[in-house]
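Examining the three-dimensional arrangement
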Amino acid sequence: MKAYNPHEIEPRLQLAWEEAGLFRSPDDSPAPKKYVLEMFPYPSGDMHMGHASNYTYGDVVARYAKMQGFDVLHPMGWDAFGLPAENAAVKHHSHPAIWTYENIETQKKSFSRMGFSYDWDRKVVACDPEYYRWGQWIFLKFWERGLVERRNSPVNWCPSCATVLANEQVIEGKCWRCDSEVEKRDLTQWYYKITDYAQELLDDLDQLTGWPERVKQQQANWIGRSEGANVDFILCDAEGNAPDAPTAEDIITVFTTRADTLFGCSFFVLAPEYAGLADLVAGTEYEQPVMELVEAAKKVSAVERAQGDHEKHGAFTGRYVVNPINNEKVPVWVADYIVADYGTGAVMAVPCGDTRDFEFARKYDLPIIPIILPEDDPLYPQLAGEQGRVVTEVDWPEAYAAEGILVQSGEYTGMKGGKHSEGEAAIVAALEEMGRGKRTVEFRLRDWLISRQRYWGNPIPAIHCPACGVVPVPEEDLPVRLPEDIDLAAGETLATHAGFAECTCPVCGGLARRETDTMDTFTCSSWYYMRYTDPHNIHAPFDSAKANAWMPVDQYIGGIEHAILHLLYSRFFTKVLRDLGLLDFDEPFTNLLCQGMVLDAHGDVMSKSKGNVVSPEEMIAEYGADAVRAYILFLGPPEKEKLWNEDGLPGMYKFLNRLWRQVHDLVGKAGDETLFQEAPAPEVAVKAAQKLARERHRVVQKVSADIERHNFNTAIAAIMELSNATGEYLRAFSPEARAACEDHIALDGEVAETLVKLMAPFTPHLADELWQKALGNEGFAYGQPWPEFDPEQAKADEVELAVQICGKVKARIMVAADAPEADVLVAAREAVAAAIEGKAVKKEVYVPGRLVNIVAV
RNA sequence: GCCCGGGUGGUGGAACGGCAGACACGACGGUCUCAAAAACCGUUGCCGAAAGGUGUGCGGGUUCAAAUCCCGCCCCGGGCACCA
């Protein structure tokens with residue numbers, strides 16, 4: 001027997017797999033399909049632990065599916081556009097493509113060295129013009145459908161990255177990539193109208209039964225649907241006189257989810273960025289303080305805003321509006337706690353029912369009108385009978401935002417109040433009746449800002465013509481290629497590049513200017529998984545028949561950090577491409593596995609700057625890829641965060657060595673390395689053989705179930721148990737004794753083959769080597785039929801039962817597995833006879849195969 | 001503030017409401033060795049010499065039986081957040 005040497009067998013088998021084209025996926029085959037996909041990486045340099053674990057999980061799922069008889073699509077590619085490549089280019093006075101492609105080669109080698117079963121013929125690289133041209137094509141299709149918009153609005157600007165960012169890329173007021181504070185700027189930018197799909201993106205979360213609940217929750221939060229109503233307030237003079245026939249200029253609309261509290265509205269607030277604000281105060285004594293507030297609000301950084309309990313600032317505009325429900329005159333204020341781009345940017349303030357309005361009212365001494373409170377509130381009896389409008393006489397301690405009973409609310413007094421309440425419905429109905437209100441729904445989700453002022457991205461295929469306006473690049477002119485001669489180190493950009501922007505208008509033929517913004521890299525990752533189904537197509541992004549055949553992805557695996565960003569964008573793309581008639585399904589990813597972060601031993605995120613990055617390469621160099629794979633899998637459930645600690649790695653290597661020996665021993669090829677030492681008593685030996693035969697069935701059953709629910713750690717633990725049973729067995733029978741007996745030869749062969757096949761998804765090199773050299777087979781364990789099991793044969797003839805008295809274990813008995821209940825109870829009583837002596841047995845509970853519980857007092 | 005997760009030995013982690021701690025790591029003891037390594041065998045939640053007791057963040061409850069279900073807290077992690 002040769003010793004287990006991963007450093008020799010692993011590279012040799014990787015080459016053999018490649019030569020055999022083992023992982024190539026067929027385009028059409030009658031077998032059922034399984035599309036297993038891991039999120040493609042950004043080519044940042046070396047493979048890190050996050051990659052290693054993520055891709056190991058995927059590889060197990062893919063290899064297991066293959067052994068289950070599925071046609072498997074298991075591709076890999078690179079999310080190759082992005083800022084780090086530009087930074088590297090500046091640093092090394094080179095081109096982003098050089099850095100990117102070098103890193104891709106490095107990572108590809110690392111992935112191969114891990115033994116991942118990718119179909120490299122389907123590799124997709126996002127910065128390849130053959131790929132990004134179709135991203136441009138999709139942009140044009142979105143445009144045709146009215147899903148592209150170019151508009152001026154306040155946007156998030158990262159000064160360090162020198163580009164705008166999408167809402168999803170701002171984390172607590174900071175840039176998702178570089179952590180710099182984000183600024184607000186008014187700029188004209190390109191948007192994908194993802195809000196058109198807000199409702200469907202929310203509704204279809206229910207379809208995603210194979211997704212983790214927390215991811216769906218996060219998406220629902222992000223989409224943030226609120227049901228409510230728009231209510232029109234009308235500008236009036238200081239005496240409360242409003243025009244009888246108000247025009248659009250006289251109306252200010254608010255969005256509210258709490259129309260039931262309309263009687264409690266004691267002031268009215270506009271956002272500092274409210275469009276008509278300047279006109280409202282122009283030329284009045286209020287203009288100066290209001291404009292000062294507007295200026296001050298601009299200076300408050302997003303980070304400060306994000307910090308929460310920010311002190312509120314406001315100013316009176318000198319104007320009034322009329323509350324449509326009771327014709328009361330209400331002062332109009334401007335305040336920095338109102339968000340301009342949510343709802344209408346104007347709010348009816350109800351201090352008694354809203355903590356923010358309450359704080360503001362206290363600070364500026366505005367009236368607080370109690371109109372809702374719980375029935376058991378001490379103030380309730382007083383206010384419920386109150387006919388007038390108590391304002392200051394009642395000491396209102398804090399805002400009451402929950403459900404309650406309406407008081408001092410005219411004909412609605414006594415109704416239930418709260419979100420979606422009786423009172424809310426009644427008041428909205430009344431407003432609708434008088435033409436001053438309308439049911440509506442607001443979403444927190446904003447349109448996706450896709451333009452970036454960066455070079456290393458997919459150019460937006462648009463042309464600015466002085467005569468025709470903004471026009472699309474004709475399809476036949478795609479791709480708009482990135483110019484290769486650019487000197488980023490010298491500060492050159494697409495906008496300043498000589499030649500790139502120059503073009504002629506495709507409509508009028510006149511001199512025009514090409515759009516110089518590129519698209520957010522997340523546009524590239526929103527459809528790459530479709531390209532894998534047809535990666536070499538030069539006529540379309542993909543052939544619909546091929547995409548529909550392979551898609552949706554059966555198992556998607558990636559980091560939790562993409563819970564919103566990538567996964568939401570991809571769902572949006574899928575729905576639009578479906579509406580374009582290119583796809584026949586609604587959701588791209590049927591099942592989603594989100595792996596937890598791999599952290600260092602102290603629980604910190606691994607990063608180059610912290611110098612705590614653990615490289616899988618060194619571990620592979622010492623113990624081989626199979627040991628690293630198995631150890632990663634054994635560490636715990638994939639969803640959980642992993643504090644990296646490699647103390648157990650040598651133990652896993654030891655296990656693989658033991659397995660190697662055992663398989664050789666079972667098939668009579670161990671030579672001097674046989675585990676047999678000294679024959680025990682015959683009945684001990686027989687039991688070891690019986691147990692091994694049973695364990696083989698039980699473990700196959702358990703490993704299959706565990707892989708299917710992604711409990712790889714317990715699957716490996718079960719294989720260890722089979723190995724332990726094998727060890728006992730091999731110690732009990734000499735190789736000669738086993739070779740002389742047909743029954744032994746049969747059992748030995750079955751167990752050896754089972755061990756090899758069970759290990760195949762986890763440690764594919766070891767399995768293939770044993771498959772060929774120890775078991776003497778042709779080909780590879782990869783793709784061999786997964787072992788069968790018989791649940792009946794997994795059962796033991798005799799079982800040990802715990803005997804409890806009142807739930808406490810007092811004894812253990814051995815009984816035949818099929819013993820009648822009466823016999824078992826007799827045996828149980830005997831076993832604890834002394835303890836129940838003189839007590840009355842009130843009840844006996846028998847759980848077959850587990851325990852007997854005797855309730856005796 | 002709202003919404004999700006999660007608290008189990010020295011460590012990673014197991015446990016369809018049914019013997020808590022599977023499987024490992026580590027530690028300790030042993031076999032083999034001149035010795036060490038490797039390999040193999042055994043012990044290992046805690047207290048206790050033992051009998052026994054005790055034990056899954058804390059306090060209650062349901063149940064013959066609770067890590068698991070219910071109620072009330074405490075701590076840790078994540079998401080959303082002046083979103084009306």
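Reference entry: report on the structure contained in this document. Keep in mind that what you see is a predicted model, and the values were worked out from it rather than measured. (Residues numbered from 1 in each chain as written. Chains lettered and ligands numbered in written order. Predicted model: local features only at pLDDT ≥ 70, side-chain atom pairs only at ≥ 80, totals over all residues. Heavy atoms only, no water.)

1. Brief notes about the protein's contact with RNA strand B
Neighbouring RNA strand B are 55 residues, the closest being Y342, R356, R444, R731 and R812. Taking the atoms of RNA strand B that fall within 4 Å of the protein, sugar and phosphate contribute 66% of them. In the environment of RNA strand B, a sugar or linking oxygen lies 2.5 Å from a nitrogen or oxygen atom belonging to the backbone of T257. Between Y337 and RNA strand B, the recorded distance is 2.5 Å, taken from a backbone N or O atom to a sugar or linking oxygen. Where the surface near RNA strand B is concerned, the elements lending two or more residues are α7 (213-223), β11 (251-256), α20 (649-666), α22 (712-732), β32 (798-805), β33 (808-816), β34 (841-847) and β35 (851-856). Per-element accounting of the surface near RNA strand B gives the leading share, seven residues, to α22. Here the residues of the surface near RNA strand B are counted per class, giving 18 nonpolar, 15 polar and 22 charged. (Near = heavy atom within 4 Å. Polar contact = N/O pair within 3.5 Å; in protein donor to acceptor, adjacent residues only side chain to side chain. Helix = DSSP H or I, 4+ residues; strand = E, 2+ residues; numbered from the N terminus. Nonpolar A, V, L, I, M, F, W, Y, C, P; charged D, E, K, R; others polar.)

2. A look at the nonpolar core
Formed by 185 residues in total, the largest nonpolar core has its most connected members in Y192, W448, F572, V703 and F762. Among the elements that take part in this core, α22 stands out by supplying eleven residues, more than any other. Residues in contact with V703, not counting those within four places in the same chain, are A715, A718, I719, L758, F762 and W786. In terms of nonpolar packing, the next biggest core, distinct from the first, is built from 62 residues, V254, A259, F316 and M348 among them. (Core = buried A, V, L, I, M, F, W, Y, C linked by side-chain atoms within 4.5 Å. Buried < 20%, exposed > 50% of the residue type's maximum accessible area, 1.4 Å probe, protein only. Contact = heavy atoms within 4.5 Å.)

3. With respect to the pattern of salt bridges
Applying the stated rule across the entire model yields 48 salt bridges. In this structure, R12 and E769 form a salt bridge, with 2.9 Å as the shortest nitrogen-oxygen distance. Highlighted residues: R12 in helix α1 (residues 6-20) and E769 in helix α25 (residues 764-774), separated in sequence by 757 residues. Between K546 and D27 there is a salt bridge whose closest N-O contact spans 3.7 Å. Taken together, the positions of K546 in helix α16 (residues 544-550) and D27 in the loop between α1 and β1 (33-38) put the pair 519 residues apart, joining distant regions of the chain. Salt bridges here are not isolated pairs; linked through shared partners, they connect E200, D204, R571, K575, R578, D579, D586 and E587. (Salt bridge = Lys/Arg side-chain N within 4 Å of Asp/Glu carboxyl O.)

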